[in-house]
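Coordinate analysis (summary)
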Amino acid sequence: MAISAIAIANAFIDLGKENGCTDLTPMKLQKLVYFAHGWNLAVSDESLIDEQVEAWQYGPVVGSIYHAAKMFGNSSISQYLLAPAMCSNGIPSWQPKLLSSSERSAVMPLLNWIWSQYGRFTGVALSNMTHEENTPWKITVDTHGGNIPRNTDIDIEIIRNHFKMELAQAQALIGAATRVE
């Protein structure tokens, strides 16, 4: 079930507030959503978000999150991100997009886990992780000779395969650790 990327981002904003995070910058938020999307693909074979992830200079980016959060610059995000909603009179208004109760039940265990694994890192550190060799972003950039054209999507199959490999490696490590004990 693909969910609004803005709603997932707003759930991370809530997690940041709950955990006393003072450095939830737009870059960090982008990378948390990306990691959640990738791990969801690995575990369930389903897209977490309702948008494609693009390859930008500083790593994977979801367009709607970029546009909704750019006003914060490099500062910590202090409020929910807004998304357009159509009013009954046909005029759009900008409102916070939040998870529904069923979406919340379905995805909060994953988002909590992502926060526990990645929430302590800065946006720059998370960006650096996405730039490592053999990551989906790096593969996409290398495919274009280091010159990423605007609006270049990172192939969802590359994201899925990368995180499935990460999952298999983690499972192997857990299995090895269990045998040692």
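If you're wondering where the values come from, they're calculated on a predicted model, not measured in any experiment.

What counts and how
- Residues numbered from 1 in each chain as written.
- Predicted model: local features only at pLDDT ≥ 70, side-chain atom pairs only at ≥ 80, totals over all residues.
- Heavy atoms only, no water.
- Helix = DSSP H or I, 4+ residues; strand = E, 2+ residues; numbered from the N terminus.
- Buried < 20%, exposed > 50% of the residue type's maximum accessible area, 1.4 Å probe, protein only.
- Contact = heavy atoms within 4.5 Å.
- Phe/Tyr/Trp six-rings, centres within 6.5 Å; stacked < 30°, edge-to-face > 60°.
- Lys NZ or Arg CZ within 6 Å of the ring centre and 35° of its normal.
- Core = buried A, V, L, I, M, F, W, Y, C linked by side-chain atoms within 4.5 Å.
- Axes fitted to C-alpha atoms, helices over the stretch in contact; angles between N-to-C directions.
- Parallel < 35°, antiparallel > 145°, perpendicular 65-115°, else oblique.
- Left-handed = near helix turned anticlockwise from the far one by under 90°.
- Salt bridge = Lys/Arg side-chain N within 4 Å of Asp/Glu carboxyl O.

Side note on the environment of R104
- One can find R104 in helix α4 (residues 101-118).
- Taking relative accessible area as the criterion, R104 reaches 34% and is therefore assigned partly exposed.
- For the pair formed by R104 and A7, sequence separation is 97 residues and the distance between their alpha carbons is 9.7 Å.
- Residues in contact with R104, not counting those within four places in the same chain, are D14, L99 and P109.

Details of the packing of aromatic side chains
- According to the stated counting rule, one finds seven aromatic pairs in the structure shown.
- Look at Y34 and F163: their rings are 5.8 Å apart centre to centre, the planes differ by 70°, and that puts the pair in the edge-to-face class. In this pair, Y34 sits in helix α2 (residues 26-44) while F163 sits in helix α7 (residues 156-180), placing the two residues 129 residues apart along the sequence.
- An angle of 80° between the planes, with centres 5.3 Å apart, marks the rings of W39 and W113 as edge-to-face. A residue pair is termed long-range when its members are at least 10 positions apart, and W39 in helix α2 and W113 in helix α4 qualify at 74 residues.
- Of the aromatic side chains, those joined through ring pairs into one cluster are Y34, F35, W39, W113, Y118 and F163.
- Across from the ring centre of Y80, 5.3 Å away, lies the NZ or CZ of K17, which sits over that ring.

Observations concerning the nonpolar core
- Ranked by internal contacts, the top residues of the largest apolar core, which has 47 residues, are I8, F12, L81 and L111.
- Of all the secondary structure elements, the ones that give two or more residues to this core are α1 (5-18), α2, α3 (63-69), α4, α6 (136-143) and α7.
- Leaving out residues up to four positions away in the same chain, I8 has contacts with I3, V33, L48, I49, L99, V107 and L111.

With respect to the packing of α1 against α4
- At their nearest, the axes of α1 and α4 sit 11 Å apart, and the two run at 55° to each other. Classified by the angle their axes make, α1 and α4 are oblique. Two packed elements cross with a definite hand, and for α1 against α4 that hand is right-handed. Contacts from I8, A11, F12, D14, L15 and G16 of α1 reach α4 at R104, V107, M108, L111, N112, I114 and W115.

Here we look at the pattern of salt bridges
- Counting across every chain of the model gives six salt bridges.
- A salt bridge links D45 to R160; the nearest nitrogen and oxygen atoms lie 3.6 Å apart. In this pair, D45 sits in the loop between α2 and β1 (54-56) while R160 sits in helix α7, placing the two residues 115 residues apart along the sequence.
- Judged by relative accessible area, which is 43%, D45 ranks as partly exposed.
- Taking the relative accessible area as the measure of exposure, R160 reaches 12% and is therefore buried.
- Overlapping salt bridges bring together D45, E157, R160 and K164 as one network.

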